[in-house]
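Summary of structural features
The chain contents come next:
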Amino acid sequence: VGDLKKIYNKVPIVIQAVFTSTDNINSVSRIITSIADAINIRIIEMALKEVGTPPCDFAFVAMGSEGRGEQTLKADQDNAIIFDVHTEENKMYFLRLSEIVNENLHEIGYSRCKGDLMAGNPEWCNSLDVWKEYFSRWISNPDIPNVLDSSIFFDLRLIYGENQLIDDLFDHVHMSLDNNTVFFNQLAKTVIRKKPTIEKKQVDIK
């Protein structure tokens, strides 16, 4: 973890060098995201050595800026775990794994999410069936909180594990969204309500 933190601390130097050769901000974001992905993968591998062989297939996923490949410097964590088979023993295993990953990422410099949107939160560490239930509830009851919750996870992306779990989840999501005009109408209204924050002639792009 200490070695990875040294690498993380050098990221601004790398980005400064990139800025001198290009004005393409997308390239910078992709580089920062790629570094974050590599650090996440190494941290997960180290945590797996500590907790032992997984009891079933799983997917460690990122949301937010890392999920979209748009990460900036000093980003916090937005992650979750989807595992294949629901048992209490499996959930306890993956929660332990997630807690180690979240703590080590925080120590490196990827701070904990203030909203606790992290795999170490029992709400966001669940089996595929539970995740399908989440999306079904959000989509079939599209009030503002449910639309916001679902939209957070629409850009999730695999960091480590089995991509088939994500494919299965989004097959379910696409079926649930098919011709669901009520949900899309509410989603559009939610987007329209979100106004950019402008203070002292500065725009908060977050």
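Residues numbered from 1 in each chain as written. Predicted model: local features only at pLDDT ≥ 70, side-chain atom pairs only at ≥ 80, totals over all residues. Heavy atoms only, no water.

A word on the packing of aromatic side chains. Summed over the entire model, instances satisfying the criterion amount to 18 aromatic pairs. Between W124 and W138, the aromatic rings sit 6.4 Å apart at their centres with planes inclined by 50°, giving tilted as the arrangement. One end of the pair, W124, is in the loop between α5 (88-108) and β3 (125-127); the other, W138, is in helix α6 (residues 128-140), and 14 residues separate them in sequence. Both residues of the pair, W124 and W138, belong to the buried class. Here the aromatic rings of F183 and F184 are separated by 6.0 Å at their centres, their planes lie at 80°, and the arrangement is edge-to-face. Taken together, W124, W131, Y134, F135, W138, F153, F154, F170, F183 and F184 form an aromatic cluster joined through their ring pairs. (Phe/Tyr/Trp six-rings, centres within 6.5 Å; stacked < 30°, edge-to-face > 60°. Helix = DSSP H or I, 4+ residues; strand = E, 2+ residues; numbered from the N terminus. Buried < 20%, exposed > 50% of the residue type's maximum accessible area, 1.4 Å probe, protein only.)

Bringing the sheet that holds strand β2 (residues 79-83) into the picture now. Strands in a sheet are paired, the pairing made by backbone hydrogen bonds, and the direction either parallel or antiparallel. Within the open sheet, the four strands sit side by side as β3-β2-β1-β4. Their pairing is mixed. Whereas interior strands pair on both sides, the edge strands pair on one side only; in this sheet they are β3 and β4 (157-161). Strand-to-strand, the axes of this sheet are offset by a mean angle of 30°, without reference to chain direction. Of the pairings in the sheet, the one linking strand β1 (residues 58-62) to β4 comprises four bridges and is antiparallel in character. When the sheet's bridge partners are listed, A59 is paired in β4 with G161. Against the sheet, α5 touches β1, β2 and β3, its axis set at about 155° to β2. (Pairing = 2+ DSSP bridges. Axes fitted to C-alpha atoms, helices over the stretch in contact; angles between N-to-C directions. Contact = heavy atoms within 4.5 Å.)

On to the pattern of salt bridges. Under the criterion given, the structure shown has six salt bridges. With its nearest N and O atoms 3.3 Å apart, the salt bridge here joins E45 to R42. Taken together, the residues span about one helical turn, with E45 and R42 both in helix α3 (residues 25-51) at a distance of three residues. Look at R42 and you get partly exposed, because its relative accessible area is 35%. Between R96 and E50 there is a salt bridge, with the nearest N and O atoms lying 3.8 Å from each other. Of this pair, R96 sits in helix α5 while E50 sits in helix α3, and the two are 46 residues apart along the sequence. Judged by relative accessible area, which is 54%, E50 ranks as exposed. Several salt bridges converge on common partners, so that one network encompasses R68, E70 and D155. (Salt bridge = Lys/Arg side-chain N within 4 Å of Asp/Glu carboxyl O.)

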